[in-house]
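# An overview of the molecular structure
Spelled out, the chains give:
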Amino acid sequence: MSDEEHHFESKGDAGASKTYPQQAGTIRKNGYIVIKGRPCKVVEVSTSKTGKHGHAKCHFVAIDIFNGKKLEDIVPSSHNCDVPHVNRTDYQLIDISEDGFVSLLTDNGNTKDDLRLPTDENLLAQIKDGFAEGKDMVVSVMSAMGEEQICGLKDIGPK
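Description of the structure in this document.

The rules behind the values
- Residues numbered from 1 in each chain as written.
- Predicted model: local features only at pLDDT ≥ 70, side-chain atom pairs only at ≥ 80, totals over all residues.
- Heavy atoms only, no water.
- Core = buried A, V, L, I, M, F, W, Y, C linked by side-chain atoms within 4.5 Å.
- Buried < 20%, exposed > 50% of the residue type's maximum accessible area, 1.4 Å probe, protein only.
- Helix = DSSP H or I, 4+ residues; strand = E, 2+ residues; numbered from the N terminus.
- Contact = heavy atoms within 4.5 Å.
- Expected span 1.5 Å × (residues − 1).
- Arc of directions from axis to C-beta.
- Salt bridge = Lys/Arg side-chain N within 4 Å of Asp/Glu carboxyl O.

### A look at the nonpolar core
- Among the nonpolar cores identified, the biggest contains 14 residues, and Leu93, Val102, Leu104, Ile127, Val139, Val141 and Ile150 are the most heavily contacted of them.
- Residue assignment for this core shows that the elements contributing at least two residues are β7 (87-96), β8 (101-105), α1 (121-132) and β10 (135-144).
- For Val141, the contacting residues outside a window of four places in its chain are Asn87, Arg88, Thr89, Tyr91, Leu104, Leu115, Glu148, Gln149, Ile150 and Cys151.
- Membership of the second largest hydrophobic core comes to 13 residues, among which are Ile33, Ile35, Val42 and Ala62.

### Notes on α1
- A rise of 1.5 Å per residue sets the reference length of α1, with its twelve residues, at 16 Å; its end C-alpha atoms lie 16 Å apart and thus fit the reference within 8%.
- Of the residues making up α1, those classed as buried are Leu123, Leu124, Ile127 and Gly130. Considered in projection along α1, the buried side chains sweep an arc of 145 degrees and stay on one side of the axis. Within α1, the exposed residues directed more than 90 degrees away from the buried face are Glu121, Asn122 and Ala132.
- The first or second residue beyond α1 is Gly134, which carries a positive phi of 80 degrees.

### Section: the pattern of salt bridges
- What the rule picks out here adds up to six salt bridges.
- We note a salt bridge from Asp64 to Arg38, for which the minimum N-O separation is 2.6 Å. Taken together, the residues Asp64 in strand β4 (residues 57-64) and Arg38 in strand β3 (residues 38-47) connect sequence positions 26 residues apart.
- Owing to a relative accessible area of 3%, Asp64 belongs among the buried residues under this scheme.
- Among the ionic pairs, Arg38 bridges to Glu147, the shortest N-O distance being 2.6 Å. Taken together, the positions of Arg38 in strand β3 and Glu147 in strand β11 (residues 147-158) put the pair 109 residues apart, joining distant regions of the chain.
- Overall, the relative accessible area of 28% leaves Glu147 in the partly exposed class.

Here it is as structure tokens:
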């Protein structure tokens, strides 16, 4: 045995998977699925009958939860699909910087400064107007597969 100390570099990730497998036949409308490496919300599912050689197929139509693009995929219903771990977290809005980043207050009192304003024009206008009026606002942040984006807004009254 050597007397040297081993130093491990912390990568910040406990090795938890960004997705989990789920049988294609069990994924329903309003569920989530990974299509072409993007986390998506399923808007339509149709299942074909088993053919001469066996597998029923599921046809998924889904919308990317971050950029709104429509994606489609056809998978045999007995096969596994990747389903993203999707989390929604609410943060209080503290500040909006000049370069389009927001400063958010986390539950434990720290600030989170690495999120951009949303690209959705309607939501963007609501956030900017509410902030300009000095309202206390809570934003919902959706995160999946290492990406995060503001997806909703709640007004909790004046400051």
